[in-house]
Amino acid sequence: KMCCEGSSAGGLLVAACMNERPDLWEVGLVRVGYLDPLGAMLDSNLALTPQEYVEMGNPIEQKQVFENMLSYSPYQNLGVRGEFPSLY
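About the cut-offs
Residues numbered from 1 in each chain as written. Predicted model: local features only at pLDDT ≥ 70, side-chain atom pairs only at ≥ 80, totals over all residues. Heavy atoms only, no water. Pairing = 2+ DSSP bridges. Helix = DSSP H or I, 4+ residues; strand = E, 2+ residues; numbered from the N terminus. Right-handed = clockwise from strand over helix to strand, strands pointing away. Salt bridge = Lys/Arg side-chain N within 4 Å of Asp/Glu carboxyl O. Buried < 20%, exposed > 50% of the residue type's maximum accessible area, 1.4 Å probe, protein only. Contact = heavy atoms within 4.5 Å. Disulfide = S-S within 2.5 Å. Axes fitted to C-alpha atoms, helices over the stretch in contact; angles between N-to-C directions.

(A) Here's a closer look at the pairing of strand 1 (residues 2-7). With 6 bridges joining them, strand 1 and strand 2 (residues 25-31) adopt parallel strand pairing. Directly across from Met2, in strand 2, lies its bridge partner Trp25. Taken together, strand 1, helix 1 (residues 9-20) and strand 2 form a β-α-β motif whose crossover is right-handed.

This is the structure in structure tokens:
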């Protein structure tokens, strides 16, 4: 089994990979991880969210963007595919 490490958006990638294939990972290290991108993008009152719509799309107004984000967002997919590896 492997370990992985990431910060900020890299932490999003680490957690999404661990959710997708928990059988491959022993441990993950996430520093300041962006672990609920869907939740953040659904709250347009957050300071950075409107700026993120330009890059990521708007899940409030675009169904496909919502579905795409839901498919990989770590918070919404925790444990869906089995026991989650250790995360620090």
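(B) Broad picture of the environment of Arg21. Structurally, Arg21 is set in the loop between helix 1 and strand 2. Sequence separation of Arg21 and Arg81 is 60 residues, and the distance between their C-alpha atoms is 7.3 Å.

(C) The pattern of salt bridges, seen in detail. Under the counting rule described, the total for this entry stands at 3 salt bridges. The closest approach of N and O atoms between Glu67 and Lys63, which form a salt bridge, is 3.7 Å. Of this pair, Glu67 and Lys63 both sit in helix 4 (residues 63-72), separated by 4 residues, roughly a single helical turn. A relative accessible area of 63% means that Lys63 is categorised as exposed.

(D) A look at the pairing of strand 2. Two elements, strand 2 and strand 3 (residues 86-87), share 2 bridges in a ladder whose sense is parallel. Paired with Gly28 across the strands is Leu87, a residue of strand 3.

(E) Region of interest: the side chain of Asn58. Structurally, Asn58 is set in the loop between helix 3 (49-56) and helix 4. What Asn58 contacts, discounting residues up to four positions off in sequence, is Tyr53 and Val65.

(F) Quick look at the state of the cysteines. Per the stated rule, a full pass over the model turns up 0 disulfides. Unpaired in this structure, Cys3 has its nearest cysteine sulfur neighbour in Cys4, at a distance of 7.0 Å. Given a relative accessible area of 56%, Cys3 falls into the exposed group. Looking at the unpaired Cys17, the closest cysteine sulfur is the one in Cys4, lying at 6.8 Å. For Cys17, a relative accessible area of 30% gives the class partly exposed.

(G) Summary view of the sheet that holds strand 2. Reading across from one edge, 1-2-3 is the order of the 3 strands in this open sheet, with parallel pairing throughout. Two strands close off the open sheet at either side, each with one partner strand: strand 1 and strand 3. Against the sheet, helix 1 makes contact with strand 1, strand 2 and strand 3, and its axis sits at roughly 150 degrees relative to strand 1, the strand it touches most.

The values reported here are purely geometric and, on their own, carry no functional implication.
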